[in-house]
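If you want the building blocks of each chain, they are given just below.
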Amino acid sequence: MIDNSLPMAEAASAGQEGEEGLVQMGFQRLLGMRVTEWSENRAVVELTVGDQHLNRSGIVHGGVLTSLLDTALSLSGLHCSVPGNIRKGMTLSLTTTFVAAARGGVLRAVGNRRGGGKATFMANGEVLDATGALVAIGEGTFRIRSASQTPEGEPA
């Protein structure tokens with residue numbers, strides 16, 4: 001489940017702001033992800049590869065790439081420009097296809113909401129390496145949790 005969905009106004013109390021001033025939360029912060037772009041129907045998440053992200057073969061672990069995709073794809077459908085409104089979501093399905101090995105540098109995951117309704121949406125995206133080469137692609141289905149647009153502190 002992805003809860004990396006707080007608007008900028010909630011950053012101080014619930015997470016940390018990234019380099020671009022966008023929110024980082026829990027698991028994403030643990031891995032070193034940074035949300036560098038977030039708007040309606042689009043999210044960009046970056047990660048600087050370190051030794052902790054590599055598998056025994058010296059390439060970025062598939063779980064790291066899948067986590068990047070999961071975060072970017074889910075955020076693409078959770079943006080809300082209304083201060084105090086929080087959209088939280090959960091991943092219902094996620095498919096990842098690994099295209100090439102990533103070895104280092106900055107990885108960039110781009111997620112795009114492609115369709116859906118008020119409660120469920122679909123998104124797809126890709127992970128690119130520092131040279132712009134395609135590393136992985138993914139698509140998923142996500143659910144916006146009920147009452148997740150209520151300003152914090154008010155009853156749902």
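In what follows, the structure referred to is the one given above.
Here the residue numbers are simple positions, counted from 1 along each chain's written sequence. Side-chain atom pairs in this predicted model are given and counted only at pLDDT of 80 or more, local residue features only at pLDDT of at least 70, and totals for whole chains, interfaces and linings cover all residues. Hydrogens and water are ignored here; the side-chain numbers use all heavy atoms of the structure.

(A) Representation of the overall build of the chain within the structure. Counting its regular elements, the chain contains three helices and eight strands. Counting helices and strands in the order they occur from the N terminus, the chain gives α-β-β-α-β-β-α-β-β-β-β. Exposure classes here rest on a 1.4 Å probe applied to the protein chains alone. A residue is buried below 20% of its type maximum, exposed above 50%, and partly exposed in between. Taken across its 156 residues, the chain has 44% of its residues classed as buried. Residue contacts follow a heavy-atom distance rule, with two residues in contact if any of their heavy atoms lie within 4.5 Å. Counting contacts in the chain only where the partners sit at least 6 residues apart, residues at least 24 apart contribute 61% of the total. Labels follow the DSSP assignment, with helices taken as runs of H or I lasting at least four residues and strands as runs of E lasting at least two, numbered in each case from the N terminus.

(B) Up close: the packing of aromatic side chains. Two rings from Phe, Tyr or Trp (for Trp, the six-membered ring) form a pair when their centres sit within 6.5 Å of each other. Planes less than 30 degrees apart are called stacked, planes more than 60 degrees apart edge-to-face, and all others tilted. Within the structure shown, the criterion is met by one aromatic pair. Aromatic side chains Phe121 and Phe142 sit 5.4 Å apart centroid to centroid with 25° between the ring planes, which places their arrangement in the stacked category. Here Phe121 is found in strand β7 (residues 120-128), whereas its partner Phe142 is found in strand β8 (residues 134-144), with 21 residues between them in sequence. The buried category is assigned to Phe121, whose relative accessible area is 0%.

(C) Quick peek at the sheet that holds β8. Taken in spatial order, the six strands line up as β3-β4-β6-β7-β8-β5 in an open sheet, and their pairing is antiparallel. Where the open sheet ends on each side, the last strands, each with one partner, are β3 (33-39) and β5 (89-98). With strand direction ignored, the average angle separating the axes of adjacent strands in the sheet is 20°. Following DSSP output, two strands are said to pair if at least two bridges run between them. Summarising the sheet, strand β6 (residues 106-116) and β7 pair through eight bridges and their orientation is antiparallel. When the sheet's bridge partners are listed, Arg113 is paired in β7 with Ala123. Think of each axis as a best-fit line through the C-alpha atoms, taken over the contacting stretch in the case of a helix, with angles from 0 to 180 degrees between the N-to-C directions.

(D) The side chain of Arg34, seen in detail. By the element assignment, Arg34 lies in strand β3. Overall, Arg34 belongs to the buried group, its relative accessible area being 12%. Of the polar contacts made by the side chain of Arg34, one reaches the side chain of Thr48; its length is 3.4 Å. The definition of a polar contact used here is a pair of N or O atoms within 3.5 Å, where within protein one atom must be able to donate a hydrogen and the other to accept one, and adjacent residues in sequence count solely through side-chain atom pairs.

(E) Expanded view of the side chain of His53. Its place among the elements puts His53 in the loop between β4 (42-48) and α3 (62-75). Within the local environment of His53, its side chain forms a polar contact with the backbone nitrogen of Gly50, the two atoms lying 2.9 Å apart. Setting aside chain neighbours within four positions, we find His53 in contact with Leu31, Leu47, Thr48, Ile59, Val60, His61 and Val64.

By themselves these figures say nothing about function.
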